[in-house]
Amino acid sequence: MREVKEFPAWRVSGFLGLLLLLLTLFWLLWAGAGLFREGELFYLGHLALALLASLLLSAGLFTVQPNEAVALVFLGRYVGSVREEGFHLANPLAQRKRVSLRVHNFTSDKLKVNDAQGNPIEIAAVVVWRVVDTAKALFQVENYQSFVAIQSEAAIRALASRHPYDAEGRSLRGSPEEVAEELKAELEARLQVAGVEVLEARLTHLAYAPEVAQAMLRRQQALAVVAARRLIVEAAVGMVREALEGLEEAGLSLDEERKAAMVNNLMVALVAEAQAQPVVNVGTLYT
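Keep in mind that what you see is a predicted model, and the values were worked out from it rather than measured. (Residues numbered from 1 in each chain as written. Predicted model: local features only at pLDDT ≥ 70, side-chain atom pairs only at ≥ 80, totals over all residues. Heavy atoms only, no water.)

(A) Here's a closer look at the UniProt feature "transmembrane region" (unreviewed entry) in the protein chain. Cross-referencing UniProt, the feature "transmembrane region" (unreviewed entry) maps to residues 12–30 and 42–64 in the present numbering. End-to-end, the C-alpha atoms of residues 12–30 are 27 Å apart, and along that stretch the chain is 89% helix and 11% strand. (UniProt positions renumbered as here; feature names shortened; annotations may be inferred. Helix = DSSP H or I, 4+ residues; strand = E, 2+ residues; numbered from the N terminus.)

(B) Structural context of the sheet that holds strand S6 (residues 95–100). An order of S4-S3-S6 is seen for the three strands of this open sheet, with the pairing classed as antiparallel. The strands lining the two open edges of the sheet, one partner per strand, are strand S4 (77–82) and S6. The average undirected angle you get between the axes of adjacent strands in this sheet is 25°. Sheet topology places strand S3 (residues 68–74) next to S4; five bridges connect them, and they run antiparallel. Looking at S4, one finds that Leu72 is bridged to Gly80. (Pairing = 2+ DSSP bridges. Axes fitted to C-alpha atoms, helices over the stretch in contact; angles between N-to-C directions.)

(C) Structural detail: helix H4 (residues 144–162). An ideal rise of 1.5 Å per residue puts 27 Å on 19 residues; H4 measures up with 27 Å between its terminal C-alpha atoms. Among the residues of H4, those classed as buried are Tyr144, Val148, Gln151, Ser152, Ala155, Ile156, Ala158, Leu159 and Ala160. (Expected span 1.5 Å × (residues − 1). Buried < 20%, exposed > 50% of the residue type's maximum accessible area, 1.4 Å probe, protein only.)

(D) Quick peek at the packing of aromatic side chains. Scanning the model with the defined rule gives five aromatic pairs in all. Aromatic side chains Phe7 and Tyr78 sit 5.0 Å apart centroid to centroid with 70° between the ring planes, which places their arrangement in the edge-to-face category. Placement of the pair is Phe7 in the segment before strand S1 (12–13) and Tyr78 in strand S4, with a sequence separation of 71 residues. For Phe7, a relative accessible area of 38% corresponds to the partly exposed category. Taking 5.5 Å as the distance between ring centres and 55° as the angle between the ring planes, the aromatic pair formed by Tyr78 and Phe139 counts as tilted. You can see Tyr78 sitting in strand S4 and its partner Phe139 sitting in helix H3 (residues 134–139), a full 61 residues away along the chain. What makes Tyr78 buried here is its relative accessible area of 11%. (Phe/Tyr/Trp six-rings, centres within 6.5 Å; stacked < 30°, edge-to-face > 60°.)

(E) Summary view of the nonpolar core. With 31 residues, the main nonpolar core has Ile121, Trp129, Val131, Tyr144, Leu183 and Leu187 as its most contacted residues. Mapped by element, the contributors of at least two residues to this core are strand S8 (111–114), strand S9 (120–131), H4, helix H5 (176–191) and strand S10 (196–208). Setting aside anything within four residues of it in sequence, one finds Leu183 in contact with Ala125, Ala155, Ile156, Leu159, Ala201, Arg202 and Leu203. Counting eight residues, the second largest nonpolar core, distinct from the first, contains Phe62, Val64, Val70 and Val82. (Core = buried A, V, L, I, M, F, W, Y, C linked by side-chain atoms within 4.5 Å. Contact = heavy atoms within 4.5 Å.)

Have a look at this one:
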């Protein structure tokens, strides 16, 4: 496939073209009046030329709106694009194709795909894009808007299959900014051939598929309970260590058996969910 890149087309001010069109109309009136009065072939030739010139000039006039471009195709060949807004005169025989340079939003449907761990999830994203090369957008893909939609969905599926839904390290749920940057980079690589620039890409929907949602919710709850228990135990161990070190610094020395009993009592008091009930020992530890 031959690569086509955008370049400026030949054009002049449309007001200059309008002035030339008015002159050709006066020429046309003069030739028509002369032919009507005298009926000579001389005026007929001028009439034909004036009519042809006026038709060509009127066909070559066009306007370009803000954030719009017009691509010109002459005899099957791309001859450039006009990006400057305003009134223009260009090749009157060239076909004109208008391309919007405004920012577009594409919101994907909710796609069902398996993540890196094989769990079925639902995912959707929004892609903000615009055309930066009119020649590539028109002549290197069949339909650049449809191309953006299809490639965006393909990139979203590929992204979801490379990362777990929720895990330690990078994940779809735990690293939204990194995932958005990765999606944007992949879309830019895919859409470069169509002359499209990706301004932003971000996930808008992320959830487990309905058939596994309840099981995954229980799994997440269990992991949260385990993490909370681990944190409580680690904090309790630290508090017990500080208590023993404080007793030693105060000059209260305990043998290993009393230390073990004290550690047991403190851990039970700190870790237990129910409120600890103190027991007063009126005897000794060894009786």
